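# Residue-level structural notes
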Amino acid sequence: MPFIKIYVHLVFSTRNRIPYLDKPELRVKVWKHIKENASEKGIYLDMINGYFDHCHCLISLGSNQNLEKIVQLIKGESSNWINKNQLTKEKFSWQDEYFAVSVSESMIDSVRNYIKNQEKHHHKKTFSEEYQEFMDRYKFVI
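Since we're looking at a predicted model, the values are computed, not measured.

What counts as what
Residues numbered from 1 in each chain as written. Predicted model: local features only at pLDDT ≥ 70, side-chain atom pairs only at ≥ 80, totals over all residues. Heavy atoms only, no water. Pairing = 2+ DSSP bridges. Helix = DSSP H or I, 4+ residues; strand = E, 2+ residues; numbered from the N terminus. Axes fitted to C-alpha atoms, helices over the stretch in contact; angles between N-to-C directions. Contact = heavy atoms within 4.5 Å. Buried < 20%, exposed > 50% of the residue type's maximum accessible area, 1.4 Å probe, protein only. Expected span 1.5 Å × (residues − 1). Arc of directions from axis to C-beta. Salt bridge = Lys/Arg side-chain N within 4 Å of Asp/Glu carboxyl O. Core = buried A, V, L, I, M, F, W, Y, C linked by side-chain atoms within 4.5 Å. Phe/Tyr/Trp six-rings, centres within 6.5 Å; stacked < 30°, edge-to-face > 60°. Lys NZ or Arg CZ within 6 Å of the ring centre and 35° of its normal.

## Structural notes on the sheet that holds strand β1 (residues 6-13)
Overall, antiparallel pairing links the 4 strands, which are arranged β2-β3-β1-β4 in an open sheet. This sheet does not close on itself; its edge strands, each paired only once, are β2 (44-51) and β4 (99-103). For this sheet, the mean angle separating the axes of adjacent strands, direction not counted, is 15°. Sitting on the sheet, helix α1 (residues 24-40) is in contact with β2 and β3 (54-61), with an inclination near 160° to β2.

## Side note on the pairing of β2
Of all the 8 residues making up β2, 6 are buried; the element is thus mostly covered by neighbouring parts of the structure. Both β2 and β3 contribute to a ladder of 7 bridges, which runs antiparallel. For Tyr44, the partnering residue across the bridge sits in β3 and is Ser60. Turn length for the β2-β3 hairpin, with the two strands adjacent in sequence and antiparallel, is 2 residues.

## Comments concerning the environment of Trp81
Position of Trp81 among the secondary structure elements: in helix α2 (residues 67-84). Residue classification places Trp81 among the buried residues on the basis of a relative accessible area of 15%. Here the alpha-carbon distance between Trp81 and Arg27, two residues 54 residues apart in the chain, equals 13 Å. Those residues in contact with Trp81, other than ones at most four positions away along the chain, are Lys29, Val30, His33 and Leu87.

## Description of α2
The end-to-end C-alpha distance of α2, which contains 18 residues, comes to 25 Å, matching closely the 26 Å that a straight helix rising 1.5 Å per residue would cover. Among the residues of α2, those classed as buried are Ile70, Val71, Ile74, Lys75, Ser78, Ser79, Trp81 and Ile82. Mapping the buried residues of α2 onto a view down its axis gives an arc of 165°, with all of them on the same face. Along α2, the residues that are exposed and aim more than 90 degrees away from the buried face are Asn80 and Lys84.

## Brief notes about the pattern of salt bridges
Evaluated as defined, the whole model comprises 8 salt bridges. Note that Asp96 and Arg15 form a salt bridge whose closest N and O atoms lie 3.6 Å from each other. One end of the pair, Asp96, is in the loop between α2 and β4; the other, Arg15, is in the loop between β1 and α1, with 81 residues separating them in the sequence. On the basis of relative accessible area, Asp96 is assigned to the exposed category, the value being 56%. Here Lys23 ties to Asp22 by a salt bridge, and the two come within 3.7 Å at their closest N and O atoms. The class for Asp22 is partly exposed, based on a relative accessible area of 37%.

## Quick look at the nonpolar core
The biggest cluster of nonpolar side chains holds 24 residues, and the ones touching the most others in it are Leu21, Val30, Trp31, Ile34, Cys57, Ile59 and Trp94. If we ignore the near neighbours within four places in the chain, the residues touching Ile59 are Ile6, Tyr7, Val8, Leu10, Ile43, Tyr44, Leu45, Ile70 and Ile74.

## Section: the side chain of Ser78
Its location among the elements puts Ser78 in helix α2. In this structure Ser78 touches Ile34, Leu73 and Trp94, once residues within four positions along its chain are discounted.

## Topic: the packing of aromatic side chains
Overall, the coordinates contain 6 aromatic pairs when judged by the stated rule. Judged by centre distance (4.7 Å) and plane angle (85°), the ring pair of Phe12 and Trp94 falls under edge-to-face. In this pair, Phe12 sits in strand β1 while Trp94 sits in the loop between α2 and β4, placing the two residues 82 residues apart along the sequence. Residue class for Trp94 comes out buried when judged on its relative accessible area of 4%. Judged by centre distance (5.8 Å) and plane angle (55°), the rings of Phe99 and Tyr138 are tilted. Of this pair, Phe99 sits in strand β4 while Tyr138 sits in the segment after α5 (127-137), placing them 39 residues apart in sequence. Residue Phe99 is classed as buried on the basis of its relative accessible area, which comes to 5%. Grouping aromatic residues by their ring pairs yields a cluster made of Phe12, Tyr20, Phe92 and Trp94. Taking NZ or CZ as reference, Arg17 lies 4.9 Å from the ring centre of Tyr131, over its face.

As structure tokens, this is what we get:
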């Protein structure tokens, strides 16, 4: 049995950054569902949270998992579930793109704290500002 710890901070937004998830109780319901579904599929989702128009996940990859497949499972199933249960007025969907970076063991608690405090964090800055900071910090080129 392999022993692996590969943590990834995953961020994805709603289609066109529409604030579908504008109610705290809706977000709690969606995050809870995503976490439960991930667990059923053997995906270790350590932490999840977000705001009106996006979601942050801290995931630990297993030896037989790849990031692209995990993202497809999380986003596709949750989008389908949200629509099936008519949790939003309009048809819900996530943006195709996503942001993902590896997280070192020494930074796990910091990332957990960052994800946990999304609501407080976004009283100070928008998702667009946060996204640009990530792009700059990790030197992603568009």
